[in-house]
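Summary of structural features
So the chains spell out like this:
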Amino acid sequence: MNSVTSKRALRLSRSLLETLLLNIFYTPFFSDSMAGTFDQAKIKFSRIVNSRSYTRFNQSQNTDGESSHVEVKLAVNGEEEMDGTEQEHMHRDTYTRSSRSGSWNKWRILVCVGGVLVIFCVGLLIGYSVHRKSETESASISRGDVNKCVPEDPPIQDFPPNYSPSLDWSDLVALLNKKLSSEAIGVKLREYSQNDRKAGSSVDNKLADNIHNIFTKLNMDPWVDEHYVKLQFPNSSNPSEVVFGAEEIGRPKGFLAYSETGRREGRVVYANYGELSDLQNKQYRLNLNGSVVLMRAGKISMAQKVMNAAKMGAVAALIYPDPADYKTVSWNAELYGHVHLGSGDPYTPGFPSFNHTQFPPAKSSGLPGILAQTITAYMAQSILEKMGGEDAPDEFRGSLSSRYKLGSESDKVTVAVNNNLADTKIHNVFGVIKGYVDPDRYVVIGAQRDSLSSGYAKSTVGTTLLVELARVFTELKKDGFRPKRSIVFASWTAGDFGNIGVTEWLEGYWSSLDRKAFTYISLDGVVTGADSFRASASPLLHTLLEKTLGKVKSPGSNLSIFQKYGGFSTLLKPMQMDDGAYPFLALSGIPSISFSFISSSNEPFLGTDIDEKDHLDHITEQKMVELSVLAAQVAGQMALRLVHDHILKLDVTKYSDVIADHVSTIIKRIDALKNDKVNEMESLSTKWLIAAKSSYGRASATLNVDIGNTDLNDMEMCRIINNRIMEVEHNFLSPYVSLRDVPFRHIFFGNGWQTTTDLEKYLGDVQENKASLNIDEVLNKVGLLTWTIQGCANNLAGDIWSLDNEI
């Protein structure tokens with residue numbers, strides 16, 4: 001049934017009601033005897049319901065595009081048979097209205113009013129049910145509904161006034177662990193292990209449809225978010241190539257998306273990992289102007305390597321996997337990645353790539369503007385063996401050969417990159433389990449499903465766990481679990497091009513997402529080994545993660561993950577820009593976490609063509625499915641805790657330590673410069689920065705006191721407190737920088753001049769005479785950093801009339 005059918009049903013019910021009202025109220029309610037009146041009422045009601053004496057149904061073509069519609073018309077003289085008395089009354093009462101008055105018959109009135117109400121209610125229910133069904137069907141098959149970005153609120157009657165979950169926490173966790181099935185995970189891993197899953201490909205779209213269908217069967221109200229983005233792929237008929245002098249080194253199949261295209265020649269220079277410390281080493285005085293820079297993969301992202309080379313004047317960059325870093329990777333392995341130092345579609349920086357948005361041509365400032373290409377270890381060895389010049393320092397040496405030279409002026413390499421930029425439609429798929437108290441607040445669990453290589457560990461495992469967790473949470477709800485807040489399950493695409501699917505969604509709705517989504521849990525690459533555990537997370541999630549790891553048991557023992565893998569601080573690592581959770585944290589100010597079981601050596605293989613099932617089975621000693629279940633337990637228990645408790649399990653006090661550490665470092669470096677008698681430093685005061693740090697510490701402590709004094713059955717007060725907690729991460733996005741120019745505005749985890757790390761590095765460079773002091777720049781950075789922290793503290797403290805005026 002569709003909207004046309006629902007309109008017909010509504011017209012029919014409305015026409016029936018009009019007919020009934022006309023026959024009731026335009027017929028005299030006066031008679032000489034009660035029996036006559038009662039008989040006349042019965043005749044009228046019978047004719048309305050069972051005969052055609054008073055109405056006719058006309059089906060005709062509708063000019064507004066509908067195939068037909070039904071009209072209900074009153075009969076006139078001569079059209080239908082009726083006795084003379086009835087016909088006379090109908091004609092007279094319809095057009096001349098009798099002026100006589102008399103007493104109403106109560107019994108007759110009750111019968112008539114009852115009939116009106118019955119027909120009205122039946123018609124209303126039919127029309128409503130048809131209309132709702134048509135809406136549900138159209139929503140289920142709708143593709144590209146860009147307006148549906150958040151779960152709709154359930155009907156008011158769905159949440160009771162004194163809500164409390166029917167399952168306690170221990171029962172809920174036990175039920176979650178019981179329902180997570182290694183057999184189901186194994187089946188889905190085999191089903192989703194497919195090659196050629198490039199974003200926008202037929203395989204990628206088919207997988208998206210499969211996930212959408214699963215969400216539909218689970219009654220998760222799925223929807224699809226369409227974006228039209230520019231992706232870059234190799235030219236199959238004209239592959240890229242690398243030539244040393246006149247000798248062809250090779251034609252690699254791997255590539256780096258968003259490289260400049262064309263042909264460039266320059267002196268080849270070996271530059272280790274391509275870190276700025278490697279490129280700016282004054283001891284070796286590498287001259288990169290007009291050069292082709294050869295770098296090995298690792299330590300920093302490929303985009304950072306290429307951008308660093310571009311800043312030093314290079315015309316091209318070559319990146320290879322050195323066996324010293326990629327011990328388990330074949331020397332013929334190809335590398336895949338991108339060079340955009342950012343995330344999202346680099347040709348719509350700061351804007352969502354919806355089809356209906358039209359912007360002038362633009363490029364992200366994160367595009368390096370030089371040629372960039374990956375090569376195999378064999379190709380890199382061929383180049384190194386032909387290079388001359390000085391010997392590379394010991395820290396530059398890998399395991400390719402005994403010859404690691406920096407290069408000479410006569411070592412000329414030509415790089416040709418022939419990639420094609422293609423306009424591509426991509427689909428993100430979402431499903432939701434709605435909360436019963438705050439349905440407009442939700443935790444997002446997401447996984448990338450695309451891959452430029454086989455992508456088994458990077459995307460297949462995560463996508464499998466996403467679908468499995470959706471199934472388990474749906475069953476938990478059927479068994480009596482009543483989440484207070486919603487859970488959104490998201491399948492992203494174009495992740496290998498720089499988290500494009502994630503970022504475009506965030507850019508499309510960033511003005512409201514920070515007030516609705518309070519946590520993001522990434523399932524990308526959750527199993528890449530079996531020897532250890534690593535996590536990257538917002539400080540707000542550290543306490544929750546630590547407690548969760550203390551409850552999840554490692555395979556084959558009674559030890560928890562926390563007990564088996566050591567102290568909590570050793571399990572944490574900084575979140576990198578290529579992490580799938582990074583845009584949520586640094587772009588939108590939403591607390592985020594990613595984690596992974598890793599091998600002891602933490603050897604990289606993601607982004608290579610050995611990211612496949614056999615390799616993952618080998619390095620996990622055939623425990624891949626078992627570890628996947630553990631990863632699902634970690635993500636599932638964290639999500640459950642976030643939607644189960646009255647108060648969000650986000651620990652605002654953890655940022656007090658982060659702020660204190662950065663402020664301490666900044667003050668030490670400023671004091672060191674003052675002690676060195678650096679000109680103009682005496683004008684810089686740090687007391688306001690210290691005051692802002694103290695303000696946040698007091699505000700976070702006060703919030704914990706407020707929580708302790710709050711009646712947790714007071715849902716409105718809990719919501720107010722939760723709103724204060726949710727705003728903390730977002731308030732660490734600097735309001736003093738442009739979203740388009742500096743998309744990652746977070747002052748602690750972002751990228752740009754507004755960050756604490758940038759200020760610390762600048763002060764350190766001045767102290768080491770690597771940079772000259774610009775006091776105005778320092779004053780500006782310190783002042784804006786101070787007010788960002790203080791603004792967050794003020795917001796966390798609560799009502800403005802209860803704040804002190806210390807700053």
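The shown structure was predicted, so the numbers you read here are calculated from the model rather than taken from an experiment.

Scoring rules and cut-offs
Residues numbered from 1 in each chain as written. Predicted model: local features only at pLDDT ≥ 70, side-chain atom pairs only at ≥ 80, totals over all residues. Heavy atoms only, no water. Helix = DSSP H or I, 4+ residues; strand = E, 2+ residues; numbered from the N terminus. Expected span 1.5 Å × (residues − 1). Buried < 20%, exposed > 50% of the residue type's maximum accessible area, 1.4 Å probe, protein only. Pairing = 2+ DSSP bridges. Core = buried A, V, L, I, M, F, W, Y, C linked by side-chain atoms within 4.5 Å. Contact = heavy atoms within 4.5 Å. Axes fitted to C-alpha atoms, helices over the stretch in contact; angles between N-to-C directions. Parallel < 35°, antiparallel > 145°, perpendicular 65-115°, else oblique. Left-handed = near helix turned anticlockwise from the far one by under 90°. Polar contact = N/O pair within 3.5 Å; in protein donor to acceptor, adjacent residues only side chain to side chain.

Two residues of an α-helix separated by three or four positions point the same way, owing to the 3.6 residues in each turn. Relative to the 20 Å expected for 14 residues at 1.5 Å per residue, helix α12 (residues 500–513) spans just 17 Å between its end C-alpha atoms, considerably shorter than the ideal helical length. With respect to burial, α12 is a largely interior element, 11 of its 14 residues being buried. Those residues of α12 lying buried are Ile-500, Gly-501, Val-502, Thr-503, Glu-504, Trp-505, Leu-506, Glu-507, Tyr-509, Ser-512 and Leu-513.

Right, let's talk about the pairing of strand β16 (residues 517–522) for a bit. Of all six residues that make up β16, six are buried, and the element is covered over most of its length. Note: strand β14 (residues 438–448) against β16, five bridges, orientation parallel. Across the sheet, Tyr-442 pairs through a bridge with Ala-517, a residue of β16.

With that out of the way, let us pick up the nonpolar core. The tendency in soluble globular proteins is for nonpolar side chains to be buried as a group. In terms of nonpolar packing, the biggest core is built from 177 residues, with Leu-294, Ile-383, Phe-489 and Tyr-696 touching the most fellow members. Of the residues forming this core, the biggest block, 13 residues, is contributed by helix α18 (residues 624–644). The residues touching Leu-294, leaving out its near neighbours within four places in the chain, are Val-268, Val-269, Tyr-270, Ala-271, Asn-272, Leu-318, Tyr-320, Ile-375, Ile-383, Leu-384 and Met-387. Membership of the second largest hydrophobic core comes to 27 residues, among which are Val-444, Val-488, Trp-492 and Val-502.

With that settled, the discussion passes to the sheet that holds strand β7 (residues 262–270). Here we have seven strands laid out as an open sheet, ordered β5-β4-β12-β7-β8-β9-β11, and mixed in their pairing. The open sheet has two edge strands, β5 (247–250) and β11 (371–374), and neither has a second partner. Neighbour-to-neighbour, the strand axes of the sheet open up by a mean angle of 30°, direction not taken into account. Packed on one face of the sheet, helix α10 (residues 377–386) meets β4 (241–244), β5, β7, β8 (292–296) and β9 (316–320) and runs near 145° to β5.

Right, let's get into the sheet that holds strand β17 (residues 532–537). Strand order in the open sheet formed by seven strands is β3-β13-β15-β14-β16-β18-β17, with mixed pairing between adjacent strands. This sheet does not close on itself; its edge strands, each paired only once, are β3 (223–233) and β17. Adjacent strand axes in the sheet meet at a mean angle of 20° when their direction is disregarded. On the sheet, helix α7 (residues 202–217) packs against β3, β13 (420–433) and β15 (485–492) and is oriented at approximately 10° with respect to β13.

What follows concerns the packing of helix α6 (residues 182–192) against α18. Two elements in contact, α6 and α18, have axes separated by 10 Å at closest approach and are oriented at 110°. Classed by the angle they form, the pair α6 and α18 counts as roughly perpendicular. Of the two possible hands of crossing, α6 and α18 adopt the one that is right-handed. Residues Ser-182, Ile-185 and Leu-189 of α6 form the contact with α18, whose own contacting residues are Met-624, Val-625, Ser-628 and Val-629.

Within the element layout of this structure, Arg-296 appears in strand β8. Arg-296 sits in the buried class, given a relative accessible area of 3%. Separated by 23 residues in sequence, Arg-296 and Tyr-273 place their C-alpha atoms 5.2 Å apart. A distance of 3.4 Å separates a polar atom in the side chain of Arg-296 from the backbone oxygen of Arg-397.

Bear in mind that shape data such as this cannot, by itself, settle questions of function.
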